[in-house]
Each structure stands twice: as C-alpha cells, then as structure tokens.
Amino acid sequence: MANKKFTEEDMNHLRASPYVLDVSPSIVHFSAKFKELFWNLIQARKEPRDIVIELGIDPDILGVNRVNGLKGMIRNEVRAGKGFRDLKTYGSYLKDYTDPDAKIKFLEQKLAYKDQEIEFLKKIVSLGQESSES
C-alpha cells in the first residue's frame, strides 16, 4: 500500500522540525543528524515510533509505513559504510557510479537480474500453455 500524501498542514508541521530538510506531498527528506540519532536509539532497543516522538516528529503525520520503514532505510545506510546521507551529502554517493569499473559492475548486475526475470517470465508463460492444453 502506498504511503499517504501529506496535507499542507502536515508539511508545515514537518518543516518546523530541525531534522527535516525538505518535504513534499509524498516524500520527507531527513537530515543526516536525524538518521544518526535514530540509529543510536535503535541500538538502544527503542521502537521506531517512540524514537520519532522523542525527536519531536508526530508519527501520525508520517504514518505507520514511513515510521517502520525508517529503520530499514537507515540500516541500509549503515551497511553501506559511507555514513548517513541527506540532501546535502547525496552527491558524494553518486561519484561511485562515475568510476568506469563500478559502472560496469553495476550494469553487469543489472543485466544478470534482467536475465533472471526473463527466465522467470518464460516459466510462467510455459505453465500457462501447459494448463490451457489440458
């Protein structure tokens, strides 16, 4: 299910937070500081909803999906090992794809994934043909 859209009032409330860099009707951009604090509190075994409240953001405005999704999104940034990113630091992550070897590796992975998808679709089509012949 898609995340709910923010009203103008919701967006104004979110913009009042020092941890929100930008907000549109469908997306919230949190600061790297927010992500760092959130992660530290997750490590202290706090629940995402409680953390958001503690950091001064109304979880009802964000919605359940966004609040619960924060943990996974921030965990992925931790696993990447490049620190927490936000709108100000996002460009530094893109440089990895300007390196020709990294770009080739990325494209090879993408191609392999497409090959898997094609094989999966072939199997689905062949199963459909078998059932129609019966």
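The structure we're discussing is the one just above.
Residues numbered from 1 in each chain as written. Predicted model: local features only at pLDDT ≥ 70, side-chain atom pairs only at ≥ 80, totals over all residues. Heavy atoms only, no water.

Engineer: Which residues make up the overall build of the protein, and what are the values?
Structural biologist: If you tally the helices and strands in the protein, you get 7 helices and 2 strands. Sequence-ordered secondary structure for the protein, helices as α and strands as β, is α-β-β-α-α-α-α-α-α. Each of the 134 residues in the protein was classed as buried or not, and the buried ones make up 25%. Here the contacts in the protein between residues at least 6 apart in sequence split such that 43% fall between residues at least 24 apart. Here the protein displays about 9,600 Å² of accessible surface, and carbon together with sulfur accounts for 55% of that area. (Helix = DSSP H or I, 4+ residues; strand = E, 2+ residues; numbered from the N terminus. Buried < 20%, exposed > 50% of the residue type's maximum accessible area, 1.4 Å probe, protein only. Contact = heavy atoms within 4.5 Å. Areas by Shrake-Rupley, 256 points an atom, 1.4 Å probe, with all protein chains shown as cover.)

Engineer: Can you break down the nonpolar core residue by residue, with the values?
Structural biologist: Leu14 and Leu62 are the most contacted members of the largest nonpolar core, which has 22 residues in total. Counting only elements with at least two residues in this core, the list comes to α1 (8-15), β1 (20-23), β2 (28-30), α2 (32-43), α3 (48-54), α4 (59-62) and α5 (64-80). When residues no more than four places from it in sequence are discounted, the contact partners of leucine 62 are Lys4, Phe6, Leu14, Val28, Phe30, Val52, Ile57 and Val67. (Core = buried A, V, L, I, M, F, W, Y, C linked by side-chain atoms within 4.5 Å.)

Engineer: Explain the side chain of lysine 35 to me, and be specific about the residues and the numbers.
Structural biologist: With respect to the secondary-structure elements, lysine 35 resides in helix α2. Its relative accessible area of 7% is what places lysine 35 among the buried residues. Among the polar contacts made by the side chain of lysine 35, one reaches the side chain of glutamate 77 at a distance of 2.9 Å. Among all residues touching lysine 35, those that are not within four sequence positions of it are Phe30, Met73, Ile74, Glu77, Phe84 and Arg85. (Polar contact = N/O pair within 3.5 Å; in protein donor to acceptor, adjacent residues only side chain to side chain.)

Engineer: Account for α5, naming residues and giving values.
Structural biologist: Taking 1.5 Å as the rise per residue, α5 with 17 residues should run 24 Å; its terminal C-alpha atoms sit 25 Å apart, in good agreement. The axis of α5 is deflected most strongly, by about 30 degrees, at leucine 70. As for α5, its buried residues are in contact with β2, α2, α3 and α4. Glycine 81 lies just past α5 and shows a positive phi near 70 degrees. (Expected span 1.5 Å × (residues − 1). Bend = angle between axes of the 7 residues up to and from the residue.)

Engineer: Residues and numbers for the environment of aspartate 50, please.
Structural biologist: Along the chain, aspartate 50 turns up in helix α3. Considering only alpha carbons, one finds aspartate 50 and valine 67, 17 residues apart in sequence, at a separation of 9.7 Å.

Engineer: Please set out the side chain of aspartate 10 residue by residue, giving values where relevant.
Structural biologist: Here aspartate 10 shows up in helix α1. We note that aspartate 10 is buried and unpaired, the nearest opposite charge coming from lysine 4 at a distance of 4.1 Å. (Lys, Arg positive; Asp, Glu negative; His and termini not counted. Salt bridge = Lys/Arg side-chain N within 4 Å of Asp/Glu carboxyl O.)

Engineer: Could you give an account of unusual backbone geometry, naming the residues involved and the relevant values?
Structural biologist: Of note, the phi angle at arginine 45 is positive, near 70 degrees, even though the residue is not glycine. Counting through the fold element by element, arginine 45 comes out in the loop between α2 and α3. Look at arginine 45 and you get exposed, because its relative accessible area is 74%.

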